[in-house]
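Each chain, written out:
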Amino acid sequence: MAKAECTPKWNTLALRNRKTCPTPEKSFQTTFTPVSKDKNSQTAGHLAGGDTQSSNGPSGQFLARESIESPSKVLLMLVAGLSFSTRLYMITEPPHVCWDETHFGKMGSYYINRTFFFDVHPPLGKMLIGLAGYMSGYDGTFPFIKPGDKYENQNYWGMRGFCATLGSFLPIFAYLIVLELSNSCTAAIIAATLLIFDTGCITISQYILLDPILMFFIMAAVLSMVKFNQQRYRSFSASWWLWLVLTGINLAGALGVKFVGLFVIILVGLNTIWDLWRLLGDMSLSLVDIAKHFLARAFALILLPVILYVTIFAVHFVVLNKSGPGDGFFSSAFQSRLIGNNLHNASMPEYLAFGSTVTIKNLRIAGGYLHSHWHLYPEGVGARQQQVTAYLHKDYNNLWVVHRQQDNNSQSGNPDLVRHGDIVRLEHKETTRNLHSHLHEAPLTKKHFQVTGYGINGTGDANDLWQVEVCGGRKGDPVKVLRSKVRFLHRATGCVLYSSGKTLPKWGWEQIEVTCSPYLKETPSSQWNIEDHINPKLPNISLSVLKPNFLEILLESHIVMFRGNSGLKPKDNEMNSKPWHWPINYQGLRFSGVNATEYRVYLLGNPVVWWINLASLGLYLTMVAVASIATQRGFSLGQQRIGGGLLMLGWLLHYAPFFTMGRILYFHHYFPAMLFSSMLTGLTLDILFRSADLLLHPPYSYWFQRAGQLLLLFSILYSFYLFHPLSYGMTGPLAHEPGSAMADLKWMDSWEF
Amino acid sequence: MLEMLQLPLVVTAQVDLLLVLVSLLAFWTRLSHLNYPNAVVFDEVYYGQFVSLYMKRVFFIDDSGPPLGHMILASGAYLGGFDGNFVWNRIGAEYPSTVNVWSLRLLPALCGALCVPLVYLLTLELKFSHLSALGAAVLLLLENSLIVQSRFMLLESVLIFFVLLAFFSYLRFHNKPRPPSPYWLILSGVSCGAAVGVKYMGLFSYLLLLVVASLHTWKLIGDKTISHVILCLVVVPVLLYVFWFYVHLSFLNRSGPHDQLMSSAFQASLQGGLSRITRGQPLEVAYGSQVTLRSSVSQPIPCWLHSHKVNYPIRYDNGRGSSHQQQVTCYPFKDVNNWWIIKDPGRQQLVVDTPPRPVRHGDVIQLVHGMTSRFLNSHDVAAPMSPHTQEVSGYIDFNVSMPAQNLWRVDISNREAESEVWKTILSEVRLIHVNTSAVLKLSGVSLPDWGFRQLEVVADKLFKAHSSSLEWTVEEHRYGTSQEQKEREAELHSPTHIDVDRKISFWAKFVELQWKMLTVKQEESEHKYSSSPLEWITMETNIAYWLHSSTNAQIHLIGNPVSWGVANLSLLAYQLLAVVYLLRRRRGLKDVPDGVWDQFVCLGCVCVGGWLVNFVPFLLMDKTLFLYHYLPALCYLYLLSPALLEHAHTHLLRYAHQPLRALCVGALAVLLSIFLTYRTFCPLTYGSPELSAHQLQGLKWRDTWDILYRRR
């Protein structure tokens, strides 16, 4: 293999170095040849590692630089070739919808059809999928109804191929990052090999998913950041600016695909703070220089990403201009933008009148329509009367009829308008129950009162009466449809109709709780507007609703997304993935196929790779601990630090936050962290092999090092050979049944292939 | 002898009068009229039930915290001669004369009072002046919320006491000239163990202390002291923590209301309850044994494999069909229909041979329902609620070419040897269906009305490795002796009895109890007075603790708004100051000498760090939270405020006389207003005197506070 060419020379350097080092301890002795690709190797070399400088002579540096230049290019080509071939192999198999393709493929189609939808992730990933589909001739007509649907003649390969291409860049980026951090080809090639031959990384790259796109941006951001760090002594040069701006662009990309991109932003942010802190301590720089540095970073890493991120949303809203399934999540004003929505160029009676049929929408963002249905509150939750909830989707159960206090029959002639201060009774059109409240605790918000549906066909009691109040209005003001903010005050208890935003449990069909709040403060939660208004006796007037400006739309869509995200709670009785499962590869995800006869794909990491990663994390921490204790006790290691800290931080940032998340979690959430972990493994194992000469004499240590590298390579390749059916598909009996090809490979009982 | 007498008899004592004064005041504010109101106040209703159980030595689980807190409350009750005969059922219930209220509330109040001198001493150990120490003590002394929380049978004051004690004794150890005596360190370790033992929140303060200690020790690595530090600050607390559980488990040895959450083996170790039923059961399950099979899942409720003379409906509501055979469910109550008989498929008889032939791991058996004599059966029919799994039924032959598939293989998952015998209570068994290799499983879903809302039992093919829903244990067991069905029914109705004693080790019990405490899920519900952590900083909410049954006298958890504001200000000021200092030091501008800088950093580590670790975790929690959860964090801020003021006074404003004077006057004014607000809120703190509705209205300083008025 090509990597053999670069390592021997490294090793001789290592040996020379070693003799000057008095340490008896086993610690992470990196050999370092402070080489960088920069031409001015003396200064650049200084920085490559950070604080302390090694004792290598110039001859060593030149020697090493020549040795690293050419093979790294060859190796890079090799990595790229292998990476693309493993990812693009059998890309069109299986020819049916797999797992979340049903969501993201569908959303790609929505872009092609310009139909508005709602998703909990920002739009960039789906926009790119849509674009890839459009470029490859997909016409957006495939419905993506459920996993397992056959694609037939649709051009789905373009979207898959796009994701796989981005996924193929991951090993290449990993190679470059590790090379940049450690200046060791061996470390870089280990990291790249781990990723190329990981079945999990292959599987997740091969389908129409957001993850390959997200990981592409994450790794690109890290690479640009590392490259930028290397430029630190060439401030404000063209390449310095290039990498800085590239970092910012990739950050925007990562956040634009999924909110998980926030973690890499934090990583870059911490790195930048550390960098600025270093500059601040550099007394040779004037405050003006530091201010320049600060402003440059603020521009490229804050301002630029924000602008790009906002632009993504702007494109999103411009492209999606037709009404679609996501309308109900948004406010009435928002909906009026969408072609085909009933509020677009709406035409309805302008003022609310008695006898009208209306839908009533809460003004809190993602507040939902006032809703009721035949189901009762369960026993133990207030009175056992009919449920009243807020519901985000448009539905005939959202219709209410406005009645006077007493009469139920329609009047002749022009109906009277409802005015500020009038007493009304709201009757649910479908069930003919009245909106009702009483002094029982609300189901979730115990400080509020319960709201129910009560009575039937117009009979009821005094608790069914509500006073209409137009916010900012005076007695006698009419209620404008869509534009007036209305509050409903309960006559008997004096409380105000309120949507708490909390999701009811299963008995309430996971709709949103509606209560009657005794706290009369005016908040959007207690304000409602009349959205649909049907009254055949009144003339329809075309209404142009005040169109919201772009910032309002942006803010609203974010709040809706966050609500949606936190609403994804794990259901009871559902086996859900726990964060501690992930690094040990405890359980995968079924992408396609359940039965023996089906074409099955199972997302599971290559166990050898993942367990090596896990062990390396421990090894790295041990080595750091031993080294820092040794330093503290006065042994001079005379060595420089390696870039492992950055990768460790990256791993932590992409993994630890999941422990605090209440939302439902899946195995694939670990993959960004796994990338960092693999890169760290490359560094750690490289150092481990090279530390062999602490224990062994020169020829043996060299052999040991060689043997270790070969063993590692062989075990990764062999395990890939064993487990490759997980990614490329398998048929036949399930693994726990006799006669299966995978029978001996079910190393953990929890794997379900 | 003579020489001794020639010396003058001298006692030299230095008494810090300030310390004595604040201590006396603290005792007076916390302990006076302790038995008023003579009624159950707020969470006393919660802790009280456990105190009662302690007095009766009845086992219970409380997931809110480790047992030391309950033990402390119970020891107060023990001192007062409380016999546990009081039903804690509602807030405001009057205590009968037999309950010594004073002693119940004494220990928390003592701890609360001792916090005040501790804060004084802690400020001194942080190397600030006596005046600062006095300031901190006064802030704590006049904090209405701390007074309220100390005066009742609640645990926050105990927690705060131990945390402060741990920090104080650690700093005392650290500040002593070398070589220091280890006593302070031991005391620190013990208080850490106690703090964690009272409430889990103590863990975060303990971790902070460990971080501070390891920062200090890092410089001395290789010194001898490091082993002391590890021993005292790591080993001692861990041992103590386990010790609390040891006491808890050895003291509570009677069965009680929470038995059913625990495993059968655990229950059998308690007196009464299950052990009375199972005492003397045969250990080894044999062919012909009559058993009840309990699912290892105890969430949401424990249940037993059950069948009854009702069949599955032919069609379910959603139109799917069933086998229409007899229902098999999991039933959460003891019932005669929970009995099953283990039958050898090769033989007809349902009685135990002499000698009994035990069932071993890997054996194939049939299970016969005791009352209906139906065989436990499974087949390729979708289960009623979980259609991806197989239905389990009591087999009825309808002659529709649906043959009986009633063989089950016994798989003992916690076996030690391959040929292990199936043991009552101890063995966890999976029943693997021989024809389909599916495993008998509790799906956890309730059946609809046709299944009497009992829990669904299915057979699942794709089994997960370690899911307790697949494990079953034999709980009640006896050797069957009657061949005839009628006799057998009578036998099943009769209670079991024979004599053997089974014990499980303390460690097994400890691990099980600890695991259950951490995983017991309480239903999330919002309380009328619960609040979110961000509301605490500005004290948006209060909690009504008690309202007199006929008058307007009431007790509220409301902090002293002025002190609260001072605390927030000092938190902000410290952070600002720290940032400015850091940036300037980085540029080589040292505003304060290194010694003072170290003192400033140490203050920040303890106080701001303490606030953070006691506040931030709540932001991530899904629990129902109350204002009183903020009190430990608040104490750290009260420690910070005067120290920061002193720092500003001595180092920042050294040469500016005008602002210096303004600062002193300002501090005095703030102290005065703290005292005045304390006086103002006293009626709500002590519950007397009774205020008129109008006066109460005046005390409602924020709109969001809930103060109760009686309409007259």
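Going by the structure above, here's the rest.
Structural notes, computed from the coordinates. For clarity, every value in this text was computed on a predicted model and none was experimentally measured.

So, about the overall build of chain B. Check the secondary structure of chain B and you find 21 helices and 14 strands. Its C-alpha atoms put chain B at 105 × 70 × 65 Å along the principal axes. Once local pairs closer than 6 in sequence are excluded, the contacts in chain B between residues at least 24 apart make up 74%. Taken together, the 57 basic and 53 acidic charged side chains of chain B have centroids lying 5 Å from each other.

This next bit is on a nonpolar patch on the surface. Taken together, the side chains of Ile230, Leu231, Val234, Val235, Val238 and Leu239 of chain B define a hydrophobic patch exposed on the protein surface, amounting to about 500 Å² of accessible area. Of note, Leu239 of chain B is situated in helix α11 (residues 225-251).

Scanning the model with the defined rule gives two disulfides over all chains in all. Linked covalently through their sulfurs, Cys495 of chain A and Cys516 of chain A form a disulfide whose S-S length is 1.9 Å. Linking Cys495 of chain A and Cys516 of chain A, the disulfide has an S-S dihedral of approximately 95° and is accordingly described as right-handed. Here Cys516 of chain A lies in strand β12 (residues 512-517) and Cys495 of chain A lies in the loop between β10 (486-490) and β11 (496-503), a separation of 21 residues in the sequence. With no disulfide of its own, Cys607 of chain B has Cys602 of chain B as its nearest cysteine by sulfur position, at a separation of 8.5 Å. Looking at Cys607 of chain B, the relative accessible area reads 0%, which means it is buried. Here Cys635 of chain B stays free of any disulfide, with the sulfur of Cys115 of chain B as its closest cysteine sulfur at 6.3 Å.

With that settled, consider the pattern of salt bridges. In total, this model carries 24 salt bridges over all chains according to the counting rule given. For Arg160 of chain A, the salt bridge is made with Glu101 of chain A, and the minimal N-O distance between the two is 2.8 Å. Placement of Arg160 of chain A in helix α6 (residues 157-182) and of Glu101 of chain A in helix α4 (residues 101-113) is noted, with a sequence separation of 59 residues between them. Residue Arg430 of chain B pairs with Glu471 of chain B through a salt bridge whose shortest N-O separation is 3.4 Å.

Attention now goes to the packing of aromatic side chains. Within the structure shown, the criterion is met by 81 aromatic pairs over all chains. Considering the side-chain rings of Phe86 of chain B and Trp88 of chain B, the 4.9 Å spacing of their centres and the 90° angle between planes classify their relative orientation as edge-to-face. Here the two residues Phe86 of chain B and Trp88 of chain B agree in accessibility, since each one is buried. Where Trp564 of chain B meets Tyr630 of chain B, the ring centres are 5.8 Å apart and the plane angle is 35°; that geometry is what we call tilted. With Trp564 of chain B in helix α17 (residues 561-586) and Tyr630 of chain B in the loop between α18 (594-619) and α19 (631-652), this pair connects stretches of sequence that are 66 residues apart. Considered together, Trp564 of chain B and Tyr630 of chain B belong to a single accessibility category, that of buried residues. Here a set of aromatic residues connected by ring pairs shows up, and it is made of Phe263, Trp582, Trp610, Trp651, Tyr655, Phe658, Phe659, Phe667, Tyr670 and Phe671 of chain A. Arg57 of chain B extends its terminal NZ or CZ atom over the ring of Phe251 of chain B, reaching a point 4.5 Å from the ring centre. The positively charged end of Arg172 of chain B is found above the aromatic ring belonging to Trp184 of chain B, 5.1 Å away from the centroid.

Rules of the game
- Residues numbered from 1 in each chain as written.
- Chains lettered and ligands numbered in written order.
- Predicted model: local features only at pLDDT ≥ 70, side-chain atom pairs only at ≥ 80, totals over all residues.
- Heavy atoms only, no water.
- Helix = DSSP H or I, 4+ residues; strand = E, 2+ residues; numbered from the N terminus.
- Contact = heavy atoms within 4.5 Å.
- Lys, Arg positive; Asp, Glu negative; His and termini not counted.
- Charge placed at Lys NZ, Arg CZ, Asp CG, Glu CD.
- Patch = residues over 30% accessible without salt bridge, like charges linked within 9 Å, V, L, I, M, F, W, Y side chains within 5 Å.
- Areas by Shrake-Rupley, 256 points an atom, 1.4 Å probe, with all protein chains shown as cover.
- Salt bridge = Lys/Arg side-chain N within 4 Å of Asp/Glu carboxyl O.
- Disulfide = S-S within 2.5 Å.
- Buried < 20%, exposed > 50% of the residue type's maximum accessible area, 1.4 Å probe, protein only.
- Phe/Tyr/Trp six-rings, centres within 6.5 Å; stacked < 30°, edge-to-face > 60°.
- Lys NZ or Arg CZ within 6 Å of the ring centre and 35° of its normal.

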